[in-house]
Amino acid sequence: MSQSEPAIEGKPADIAAEEEDDVVGIFEDSLWTIFKHHQPSHGEPGGFFPYKSPYGELSVRITPQTKTTLFAHFQWDSGLLCADMIASGAAPVCGRRVLELGAGTGLPGILSVLGGADMAVLSDYDDPTLIENIAYNVNKCIPEDSQRRTAVVGHIWGRSVQPFQRYSPSFNLILCADVFWMPDQHVNLIKTLTALLDRSDPSARVLVVAGFHTGRLCVARFFHRAREAGLEPDERGIDEQAVDGERRKWQGEVEDMDHATRGSWKVVSWLKWADGQGTRDES
C-alpha cells in the first residue's frame, strides 16, 4: 500500500452464521415485493453504479454479496440522497471532519473528500470484502493527492472507537444513510455516535437519511433513543422527502403509507447535542 492509499483499520471479522430474524426477513422481502412501484435499491452485487457529480462522473463498485443481513450489496436511495445533498451544497463538507457510518459503496464519503473535507473516514461493518470494496472505490474515485485525507475503517457499532481516533479524536459531521432498519442495533449505533460526535463544536451534526423499510415505528424508535442519549433534531426538525421531490414534515410513527409507496419516501434530519450535553465531557 502506498502512502497515499486510504488506510484500512480493523481485523477481518469472523461473521458467524446465524438465523435471520423477523426484521431482516421483512427488509429482504421488501426488495422485490412491497417496493414494486419504486425500487429503493440499485445495481447488482459486484457491478458498478455511475454518479454524475460536480467533480465529474464517478463510478463506484457495489460490494459483492457477503452476508445477506448486511444488505450492502446495492446502492440505496438514501445514500444517493445523502450524496446529492453533499454534491449540491445542501450538506456543506468543506473544512469538516467527516465520518460516514454504514458506508456501503462509500459514495457520500467520497464526495466529502472531493468537496474539501479536512478528513473523511468511511466505515462499515468489519467484513473484509465490504471494507476492501470501499477502499477500492476510494482509490478509484479520489485523486491520489487527496487520498491522504481519507481512511477506511471496519467497525462494529457499539465497540471501541479508538481506530477512528487515529485520524481524528472526534468528528463534526457524521453521515448515516439507511442505518436504522434493525431496531436491535439502535443502541449500539447511538453508542458509536455519542462517542465520536464533537462535543466542543456547536455546529457538529449527524446527518441522517433513512427509508421506511421496516416501518415508521422503527425510525421513530431511533429518534426516541437518540433523544435519551442527548441527540436531538436541530431547528430544521425532521422532514420527509419523496423520490419525486415532494416534501412534508415528519408524520410521526403512525403508519400512513401502503407497502407500494413506502419505498418512495425518506426521512431527513440533522441531529445535534441537546442543550447541556455538548460540553458535558469537555471540562
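Residues numbered from 1 in each chain as written. Predicted model: local features only at pLDDT ≥ 70, side-chain atom pairs only at ≥ 80, totals over all residues. Heavy atoms only, no water.

1. Comments concerning the confidence of the model for the protein
Stage number 1. For the protein, the average pLDDT comes to 83, and 77% of its residues sit at 70 or higher.
Stage number 2. Note on residues 1-5: pLDDT under 50 across the span, and 8 contacts to partners over four residues away in sequence or across chains.
Stage number 3. Note that pLDDT drops below 50 for residues 10-37; the model gives that stretch 57 contacts with residues more than four away or on any other chain. (pLDDT = per-residue confidence, 0-100. Contact = heavy atoms within 4.5 Å.)

2. Thoughts on the side chain of His 186
Stage number 1. Following the sequence through the fold, His 186 ends up in helix H6 (residues 186-196).
Stage number 2. Judged by relative accessible area, which is 0%, His 186 ranks as buried.
Stage number 3. A distance of 3.3 Å separates polar atoms of two side chains, one belonging to His 186 and the other to Arg 225.
Stage number 4. Beyond its immediate stretch of four places on either side in the chain, His 186 contacts Phe 180, Cys 218, Arg 221, Phe 222 and Arg 225. (Helix = DSSP H or I, 4+ residues; strand = E, 2+ residues; numbered from the N terminus. Buried < 20%, exposed > 50% of the residue type's maximum accessible area, 1.4 Å probe, protein only. Polar contact = N/O pair within 3.5 Å; in protein donor to acceptor, adjacent residues only side chain to side chain.)

3. Considering the nonpolar core
Stage number 1. With 36 residues, the main nonpolar core has Met 85, Leu 107, Ile 110 and Leu 207 as its most contacted residues.
Stage number 2. Take this core: its biggest share by element is 6 residues, from helix H2 (residues 77-88).
Stage number 3. When neighbours within four sequence positions are excluded, Met 85 is seen to be in contact with Ala 90, Ala 91, Leu 207, Val 209, Val 268 and Trp 270.
Stage number 4. Ranked by size, the runner-up nonpolar core spans 35 residues in total, among them Ala 226, Ile 238, Ala 242 and Trp 265. (Core = buried A, V, L, I, M, F, W, Y, C linked by side-chain atoms within 4.5 Å.)

4. Let's talk about the packing of aromatic side chains
Stage number 1. Counted by the stated rule, this structure contains 6 aromatic pairs.
Stage number 2. On the basis of an interplanar angle of 15° and a centroid distance of 3.8 Å, the ring pair of Phe 180 and Phe 222 is categorised as stacked. Here Phe 180, found in the loop between strand S9 (173-177) and H6, pairs with Phe 222, found in helix H7 (residues 216-228); they are 42 residues apart in sequence, far enough to count as distant.
Stage number 3. Given a relative accessible area of 0%, Phe 222 falls into the buried group.
Stage number 4. Here the aromatic cluster, defined as three or more aromatic residues joined through ring pairs, consists of Phe 180, Phe 212, Phe 222, Phe 223 and Trp 250.
Stage number 5. Across from the ring centre of Tyr 136, 3.8 Å away, lies the NZ or CZ of Arg 61, which sits over that ring.
Stage number 6. Taking the ring centre of Phe 212 as reference, the NZ or CZ of Arg 216 above it sits at 4.8 Å. (Phe/Tyr/Trp six-rings, centres within 6.5 Å; stacked < 30°, edge-to-face > 60°. Lys NZ or Arg CZ within 6 Å of the ring centre and 35° of its normal.)

5. As for unusual backbone geometry
Stage number 1. Phi at Asp 178 takes a positive value of approximately 55°, unusual for a residue other than glycine.
Stage number 2. As for its placement among the helices and strands, Asp 178 is situated in the loop between S9 and H6.
Stage number 3. Residue classification places Asp 178 among the buried residues on the basis of a relative accessible area of 12%.

6. Focus: the pattern of salt bridges
Stage number 1. Applying the stated rule across the entire model yields 7 salt bridges.
Stage number 2. For Asp 198, the salt bridge is made with Arg 97, and the minimal N-O distance between the two is 2.6 Å. Pair noted here: Asp 198 is in the loop between H6 and strand S10 (205-211) and Arg 97 is in strand S6 (residues 97-101), with a separation of 101 residues, a long-range link.
Stage number 3. Here Asp 198 falls in the buried class, since its relative accessible area comes to 7%.
Stage number 4. For Arg 97, a relative accessible area of 23% puts it in the partly exposed group.
Stage number 5. Three or more residues are tied together by salt bridges with common partners; here these are Arg 205, Asp 234 and Arg 236. (Salt bridge = Lys/Arg side-chain N within 4 Å of Asp/Glu carboxyl O.)

7. Quick word on the pairing of S10
Stage number 1. With 7 of 7 residues buried, S10 lies mostly within the body of the structure.
Stage number 2. Here S10 shows no split at all, with Arg 205, Leu 207, Val 209 and Gly 211 on one side and Val 206, Val 208 and Ala 210 on the other all buried.
Stage number 3. One ladder, built from 5 bridges, connects S9 with S10; its direction is parallel. Among the inter-strand pairings, Leu 175 is bridged to a residue of S10, identified as Leu 207.
Stage number 4. Once the chain exits S9 it traverses H6 before rejoining the sheet at S10, and the crossover so formed is right-handed.
Stage number 5. The pairing of S10 with strand S13 (residues 265-273) spans 6 bridges and is classified as antiparallel. Residue pairing across strands places Gly 211 opposite Lys 266, the latter belonging to S13. (Pairing = 2+ DSSP bridges. Right-handed = clockwise from strand over helix to strand, strands pointing away.)

8. Observations regarding helix H4 (residues 128-141)
Stage number 1. The end-to-end C-alpha distance of H4 is 20 Å, a good match for the 20 Å that 14 residues give at a rise of 1.5 Å each.
Stage number 2. Looking only at H4, the buried set comprises Leu 130, Ile 131, Asn 133, Ile 134, Ala 135, Asn 137, Val 138 and Cys 141.
Stage number 3. Between a side-chain oxygen at the N-terminus of H4 and the backbone nitrogen of Thr 129 the separation is 3.2 Å; the capping residue is Asp 127. (Expected span 1.5 Å × (residues − 1).)

9. Some points on the environment of Asn 139
Stage number 1. With respect to the helices and strands, the residue Asn 139 is situated in helix H4.
Stage number 2. Placed 11 residues apart in sequence, Asn 139 and Thr 150 show a C-alpha to C-alpha distance of 9.8 Å.

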